[in-house]
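# Working through the structure, step by step
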Amino acid sequence: MTDSPTQRVAIVTGGARGIGAAVSTQLAVDGYAVAVIDLREEDTAGTVAAIVDAGGRALGVGADVSNADDVTRAVAQVADDLGAPTVLVNNAGILRDNLLFKMTEGDWDAVMAVHLRGAFLMTREVQKHQVAAKWGRIVNLSSTSALGNRGQANYAAAKAGLQGFTKTLAIELGPFGVTANAIAPGFIATDMLRATAERMGITFEQFLEGAKNEIAVRRVGQPADIAAAASFFCSEAASFVSGQVLYVAGGPKA
Ligand code: NAP
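Since we're looking at a predicted model, the values are computed, not measured. (Residues numbered from 1 in each chain as written. Predicted model: local features only at pLDDT ≥ 70, side-chain atom pairs only at ≥ 80, totals over all residues. Heavy atoms only, no water.)

### Topic: the pattern of salt bridges
Keep this limit in mind: The term salt bridge refers to a pairing of a side-chain nitrogen on Lys or Arg with a carboxyl oxygen on Asp or Glu at a separation within 4 Å. A helix here means a DSSP run of H or I that spans at least four residues, while a strand means a run of E at least two residues long, and both kinds are numbered starting from the N terminus. Remark: exposure states derive from per-residue accessible area (1.4 Å probe, protein chains only) relative to the maximum for the residue type, with buried under 20%, exposed over 50%, and partly exposed in between.
This model, assessed by the stated rule, comprises 10 salt bridges. The residue D97 makes a salt bridge to R199 at a minimum N-O spacing of 3.5 Å. Of this pair, D97 sits in the loop between β4 (85-90) and α4 (105-133) while R199 sits in helix α6 (residues 191-200), and the two are 102 residues apart along the sequence. When the shortest N-O distance is used, the salt bridge between K128 and E125 registers 3.1 Å. Highlighted residues: K128 and E125, both in helix α4, separated by 3 residues, approximately one helical turn. Given a relative accessible area of 46%, K128 falls into the partly exposed group. Judged by relative accessible area, E125 falls into the buried class, the value being 14%.

Right, dumping it as structure tokens:
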């Protein structure tokens, strides 16, 4: 990969681990300089090192995507250090699962803040650079939970909300050469679900084993499965694909 001034710059939020780390390294392979944003800059070191060791350009930035000042500072830092970002992958996420009658206002607000407010703030900041460049790609991480999932009233609402957000971005930003699409993963083996297994009182291996029997292709998803979809949406070849939601779940059902 070259360090050319024309190299496009991508931002991946929540890129320290899991799906975000896989998307970051894939976009670097695709030729982008990649800014890896996560809550703590030090947590991005592994993803940044993987990209740099493979000959790419990467920058780790610590920021809370739900905090407007953090977002403004982080995007400005990316523009200064790597170049104007024209690709944005809104991937940062948290779970605060609970049945509705036990769900606290804090559980609700925390999930809305990271997924919805975070995607809104990041996109509002990055679209300035995309509109100026008359080119851009936005990929939002939804979920099969958008279709409804027991114990996830907050998360399901946020992930369904991201689908409406994505379609509106496609309409508003399309005239400026910017596409917006959403990926709705099914069961992807990451730390997020490791925590879910712990809460259920089973091992992660037991959780994976049980899950794969419910999935048509008889395996759980890997972060690379989602990175492949993100790579397509961010590609030049996908310039006529916008406002779509791609379920990447090993089958037709959530
Ligand atoms: P993960 O392993 O938990 O990684 C999420 C990353 O986001 C973590 O590094 C986390 O940092 C970071 N993050 C959380 N809050 C943040 C904030 N306010 N600002 C910046 N970074 C923040 O999750 P994952 O499984 O890779 O999931 C990635 C995305 O895919 C999420 O949006 C998730 O909802 C979605 N998704 C996942 C699955 C799945 O099966 N895994 C399925 C459907 C959708 P900390 O480590 O410090 O918390």
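### A look at the site of the ligand
Which entries qualify depends on this criterion: Neighbouring residues are identified by heavy atoms, a residue being near a molecule or strand if any of them is within 4 Å of it. Any pair of N or O atoms that falls within 3.5 Å is considered a polar contact. Within protein, one atom must be able to donate a hydrogen and the other to accept it, and sequence-neighbouring residues count only if both atoms are side-chain atoms. Computed by Shrake-Rupley with a 1.4 Å probe, the accessible areas treat only the displayed protein chains as cover when residues are assessed. Gly falls in the polar group here, along with every residue not listed as nonpolar (Ala, Val, Leu, Ile, Met, Phe, Trp, Tyr, Cys, Pro) or charged (Asp, Glu, Lys, Arg).
Around the ligand sit 29 residues, and of these D38, R40, N91, Y155 and T190 come closest. Between the ligand and I19 there is a distance of 2.8 Å, counted from an oxygen atom to a backbone nitrogen or oxygen. Interatomic distance of 3.5 Å between a backbone N/O atom of A63 and a nitrogen atom of the ligand. Expressed as a share of its isolated accessible area of 900 Å², the protein-covered part of the ligand is 93%. Elements that contribute at least two residues to the shell around the ligand include exactly α1 (18-29), α4, α5 (153-173) and α6. Looking at the shell around the ligand residue by residue, the class counts come to 15 nonpolar, 9 polar and 5 charged.

### Focus: the sheet that holds strand β7 (residues 245-248)
We apply this condition: For two strands to pair, DSSP has to find at least two bridges joining them. Orientation is described by lines fitted to C-alpha atoms, with helices fitted over the stretch in contact, and by angles between N-to-C directions that extend from 0 to 180 degrees. Should any heavy atoms of two residues lie within 4.5 Å, those residues are considered in contact.
One open sheet accounts for 7 strands, arranged β3-β2-β1-β4-β5-β6-β7; its pairing is parallel. The sheet is open, and its two borders are formed by β3 (58-62) and β7, each paired with just one other strand. Between one strand axis and the next, the sheet turns by 20° as a mean value, whatever way the strands run. Pairing of strand β1 (residues 9-13) with β4 involves 4 bridges; the strand directions are parallel. Note on β4: the bridge partner recorded for A10 is V87. Along the sheet, α4 contacts β1, β2 (33-38), β4, β5 (136-141) and β6 (178-185); its crossing angle with β4, the most-contacted strand, is approximately 160°.

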